[in-house]
Amino acid sequence: TVVAHETMNLTHDSMTDKVSKETIKEWALGVNCDEAEAVVIGCSAMRACEPHFIDELEAALGKPVVTSTQSFLWSLLRTAGIDDQIA
């Protein structure tokens, strides 16, 4: 169940790769609420998958963060028959 939703009001796909990690973090902190079990970042062009960023964001939020890129890669692994635990 989605308990909160917020966009960044980007009007064109070409804008997504220009969003800074700091802006993503501010957005995530702003959309986070007690009822949410996780925060989902739903754009594959954002810089959310840079090394250590998700770990740092999860620590700041106190809950899991899932990006659309991660979700897509997990789906590919499962489709390929790889069922290893993903930490």
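Before any of the text, the structure's been laid out above.
Residues numbered from 1 in each chain as written. Predicted model: local features only at pLDDT ≥ 70, side-chain atom pairs only at ≥ 80, totals over all residues. Heavy atoms only, no water.

Chemist: Please set out the nonpolar core residue by residue, giving values where relevant.
Modeler: With 14 residues, the main nonpolar core has Ile24, Val39, Ile41, Leu57 and Val65 as its most contacted residues. At the level of elements, α1 (21–31), β1 (39–41) and α2 (53–61) are the ones that each hand at least two residues to this core. Leave out the neighbours within four places in its chain, and Leu57 touches Lys25, Ala28, Ile41 and Val65. (Core = buried A, V, L, I, M, F, W, Y, C linked by side-chain atoms within 4.5 Å. Buried < 20%, exposed > 50% of the residue type's maximum accessible area, 1.4 Å probe, protein only. Helix = DSSP H or I, 4+ residues; strand = E, 2+ residues; numbered from the N terminus. Contact = heavy atoms within 4.5 Å.)

Chemist: Summarise the pattern of salt bridges; cite the residues concerned and give the values.
Modeler: Applying the stated criterion to the full structure yields 2 salt bridges. Across the pair Asp17 and Lys18 runs a salt bridge, and its minimum N-O distance is 3.3 Å. Among the residues examined, Asp17 registers a relative accessible area of 36% and is labelled partly exposed. The exposure class of Lys18 is exposed, given its relative accessible area of 61%. Residue Lys21 pairs with Glu50 through a salt bridge whose shortest N-O separation is 3.5 Å. (Salt bridge = Lys/Arg side-chain N within 4 Å of Asp/Glu carboxyl O.)

Chemist: How would you sum up unusual backbone geometry? Please name residues and give values.
Modeler: The backbone of Asn9 sits at a positive phi, close to 55 degrees, despite the residue not being glycine. Inspection of the secondary structure assignment puts Asn9 in the segment before α1. Judged by its relative accessible area of 62%, Asn9 is exposed. Although it is not a glycine, His52 sits at a positive phi angle of roughly 70 degrees. Relative to the assigned elements, His52 resides in the loop between β1 and α2.

Chemist: Give me the packing of α1 against α2: which residues, what numbers.
Modeler: Packing of α1 against α2 leaves a shortest axis separation of 11 Å and a crossing angle of 30 degrees. Judged by the inter-axis angle, α1 sits roughly parallel to α2. The chirality of how α1 crosses α2 is right-handed. From α1, Lys21, Ile24, Lys25, Ala28 and Leu29 reach across to α2, where they touch Phe53, Leu57, Ala60 and Leu61. A class-by-class count of the residues in the contact of α1 with α2 yields 7 nonpolar, no polar and 2 charged. (Axes fitted to C-alpha atoms, helices over the stretch in contact; angles between N-to-C directions. Parallel < 35°, antiparallel > 145°, perpendicular 65-115°, else oblique. Left-handed = near helix turned anticlockwise from the far one by under 90°. Nonpolar A, V, L, I, M, F, W, Y, C, P; charged D, E, K, R; others polar.)

Chemist: Just give me the short version of α2, but keep the residues and values in it.
Modeler: Turning to α2, its buried residues are Phe53, Ile54, Leu57 and Leu61. Looking down the long axis of α2, one finds its buried residues gathered within 90 degrees of arc, a one-sided arrangement. For α2, exposure combined with an orientation more than 90 degrees from the buried face picks out Asp55, Glu56 and Ala59. Residues of α2 that are buried in the fold lie against α1, β1, β2 (65–67) and α3 (68–79). Where α2 ends, the next residue or the one after it, Gly62, has phi of about 75 degrees, a positive value. (Arc of directions from axis to C-beta.)

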